[in-house]
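Spelled out, the chains give:
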Amino acid sequence: MKNVKSNYMNYFKNHYLYQWDKNHDVFTITKYPLNISVEEFEFCIDQKGMDTFLKYNEPSVQIGKTLVVKQGKKKSEIKLSNEPLVMPNTQFDTEFSVDVEKIKIANKFVAKNDKKPILTGVNVANGYITATDSFFAYRTACECNCNVTIADKFINALKDIQGVATFKANKNAVCCQTEDTAIIGRLLDGQYPSLEKIYNAMANGTTCETSLEELKESLQFANSNDDRVVFEKNKISIIGEQNFESEINIGLECKIVVNCGYLNTIINSINNTTGNNININYTSEIRPLFFNSEYLLLPIREV
């Protein structure tokens, strides 16, 4: 068996990678210099093996058919991976900075299945962050001139990153790097649908205002995401196993029916730090509703 020098193991422990999804994402966790090469890794272990390895503080290590990790009276044998980790391309030609919280909000609106794979990601392009599953959408302004569609799994890995972050990208991959972490993921291929014309329809719509808290309180009476929510003049109704209705100051001039689950996602995503009211823009009972100019929801057409 080969003894590994302790200084090499310290380096390895602070600079390691694991592949989360063979088809989509390669992530680097903890400190990862982007100029590292594959040759610097003398062995490869899977995520479970790495989790075991990191439970030791300053172990001695031997490499043979397995990775033998010892520290005091403790000893672990970790299986070596048969598939070496493929390093991602770290040559990036585009750089942009966005508020990570807006990316996380957008990720709530991506498609939950891959019938249209491009819709399972968040698009950052031409000054907007956009996400839609074709039934509801989120679109907010940002300062960027790139055109990338970031996979939802990559965004899930950003959970510990706060505030404005810098992203780098090429035609295939995107990287978000902080002081001690770099996360790299493949971009989604394809042309993301433009929602510009749909959002521009707000200019021809009618805007009303209602209480965010009152709306949240009413939605608590829904029993299922499949319930229907009916807005009509100054009343809100919930149609499901147990029907509910309440007066609410909204002032709609037509009857609009929407899906409760989609509406809940929108209402719970709205930041009410600027006030307790939200704006609702509408054109007719069959045209999209817009909440605070950023959130879009298609009505249910009643037969």
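Trainee: Sorry if this is basic, but what is going on with the nonpolar core here?
Mentor: Here is a general trend for soluble globular proteins: nonpolar side chains tend to be buried in one another's company. Ranked by size, the top nonpolar core spans 64 residues in total, and within it Val124, Phe167 and Phe291 carry the most contacts. Those residues within four positions of Phe291 in sequence are excluded, and the remaining contacts are Leu263, Ile266, Ile270, Ile278, Asn279, Ile280 and Leu297. Counting residues in each nonpolar core, the second largest holds nine residues, with Met50, Phe53, Val61 and Leu67 among its members.

Trainee: Is there a simple way to explain the side chain of Asn170 in this structure?
Mentor: Relative to the helices and strands, Asn170 resides in the loop between β12 (164-169) and β13 (173-177). Judged by relative accessible area, which is 9%, Asn170 ranks as buried. Engagement of the side chain of Asn170 in a polar contact is seen with the backbone oxygen of Gln91, the distance being 3.0 Å. In terms of polar contacts, Asn170 uses its side chain to reach the backbone amide nitrogen of Ala173, at 2.7 Å.

Trainee: Just checking my understanding: could you explain helix α3 (residues 100-107) for this structure?
Mentor: Note: α-helices contain 3.6 residues per turn, so residues at a spacing of three or four share the same orientation. Within α3, six of the eight residues are buried, leaving the element largely enclosed by the surrounding structure. Of the positions making up α3, those classed as buried are Val100, Ile103, Lys104, Ile105, Ala106 and Asn107.

Trainee: Explain the environment of Asn147 here, please?
Mentor: The residue Asn147 is located in strand β11 (residues 147-151) in this model. Relative accessible area serves as the criterion here: at 52%, Asn147 is assigned to the exposed category. Distance in space between the C-alpha atoms of Asn147 and Asn126 is 6.7 Å, their sequence separation being 21 residues. Separated by 3.5 Å, the side chains of Asn147 and Asn123 make a polar contact.

Trainee: For this particular structure, what's the right way to read the packing of helix α6 (residues 212-219) against helix α7 (residues 260-269)?
Mentor: Helix-helix packing: each pair is described by the crossing angle between the helix axes and the interaxial distance. Packing of α6 against α7 brings their axes to within 11 Å, and their N-to-C directions diverge by 145°. With respect to the hand of their crossing, α6 and α7 are arranged in left-handed fashion. The segment α6 lies against α7, with Leu212, Leu215, Lys216 and Leu219 engaging Cys260, Leu263, Asn264, Ile267 and Asn268. Grouping the constituent residues of the contact of α6 with α7 by class yields six nonpolar, two polar and one charged.

Trainee: Is there a simple way to think about the sheet that holds strand β16 (residues 228-232) in this case?
Mentor: In any sheet, the strands associate via hydrogen bonds between backbone groups, in a parallel or an antiparallel arrangement. Judged by pairing direction, the sheet is antiparallel, and its four strands sit side by side in the order β18-β17-β16-β19 without closing on themselves. On the outer flanks of this sheet lie β18 (244-247) and β19 (255-259), each paired with one strand and no other. Each neighbouring strand pair of the sheet contributes to a mean axis angle of 15°, computed without reference to strand direction. Sheet topology note: the strand β17 (residues 235-239)/β18 ladder contains four bridges and is antiparallel. Looking at the pairing, Ser237 lines up with Glu245 of β18. Strands in contact with α6 are β16, β17 and β18; relative to β17, the strand with the most contacts, it is inclined by about 25°. Of the strands in this sheet, β16 and β19 touch α7, which is tilted by about 85° from β19.

Cut-offs applied
Residues numbered from 1 in each chain as written. Predicted model: local features only at pLDDT ≥ 70, side-chain atom pairs only at ≥ 80, totals over all residues. Heavy atoms only, no water. Core = buried A, V, L, I, M, F, W, Y, C linked by side-chain atoms within 4.5 Å. Buried < 20%, exposed > 50% of the residue type's maximum accessible area, 1.4 Å probe, protein only. Contact = heavy atoms within 4.5 Å. Helix = DSSP H or I, 4+ residues; strand = E, 2+ residues; numbered from the N terminus. Polar contact = N/O pair within 3.5 Å; in protein donor to acceptor, adjacent residues only side chain to side chain. Axes fitted to C-alpha atoms, helices over the stretch in contact; angles between N-to-C directions. Left-handed = near helix turned anticlockwise from the far one by under 90°. Nonpolar A, V, L, I, M, F, W, Y, C, P; charged D, E, K, R; others polar. Pairing = 2+ DSSP bridges.

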